[in-house]
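Structure assessment
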Amino acid sequence: MKNRIRELRTERGWRQEDLARKAGVTRQTINAIENDKYNPTLVLAMKLARLLNIPVEDLFQFKG
């Protein structure tokens, strides 16, 4: 699964740590998601989408 988290996070001037704190996870979790090492739970995916102000289906896309 491909995601746009890094792109959207940096557009806002947020560090991984900033997004992690807002989402209630560790910086390592955000790093793993951004690097396609971890697929977040649906709850976390929806929380990240809400924080980044983007529909969840636009934040995460299946590689094809």
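Analysis parameters
Residues numbered from 1 in each chain as written. Predicted model: local features only at pLDDT ≥ 70, side-chain atom pairs only at ≥ 80, totals over all residues. Heavy atoms only, no water. Core = buried A, V, L, I, M, F, W, Y, C linked by side-chain atoms within 4.5 Å. Buried < 20%, exposed > 50% of the residue type's maximum accessible area, 1.4 Å probe, protein only. Helix = DSSP H or I, 4+ residues; strand = E, 2+ residues; numbered from the N terminus. Polar contact = N/O pair within 3.5 Å; in protein donor to acceptor, adjacent residues only side chain to side chain. Contact = heavy atoms within 4.5 Å. 1 Å grid on protein atoms, 1.4 Å probe; cavity = no way out; pocket = protein on both sides within 12 Å on 5 of 7 lines; lining within 4 Å. Points joined across faces, edges and corners; volume = space filled by probe spheres on them. Nonpolar A, V, L, I, M, F, W, Y, C, P; charged D, E, K, R; others polar.

Focus: the nonpolar core
Formed by 16 residues in total, the largest nonpolar core has its most connected members in Ile5, Leu19, Ile33, Leu48, Leu52, Leu59 and Phe60. Going through the elements one at a time, helix 1 (5-11), helix 2 (16-23), helix 3 (27-34) and helix 4 (42-52) are the ones with two or more residues in this core. A total of 5 residues in this core trace back to one element, the largest contributor, which is helix 4.

Here we look at the side chain of Glu34
Residue position: Glu34 is located in helix 3. Looking at Glu34, its side chain comes within polar contact range of the side chain of Gln16, at 2.8 Å. Those residues within four positions of Glu34 in sequence are excluded, and the remaining contacts are Asn3, Ile5, Arg6, Arg9 and Gln16.

What about empty space enclosed by the protein?
Counted under the stated rule, the structure contains 1 cavity of 30 Å³ or more. For the largest cavity, the calculated volume is near 30 Å³. In terms of lining, the largest cavity is formed by Met1, Asn3, Ile33, Asp36, Tyr38, Asn39, Pro40 and Phe60. Each residue belonging to the lining of the largest cavity can be placed in one class, and the counts come to 5 nonpolar, 2 polar and 1 charged.

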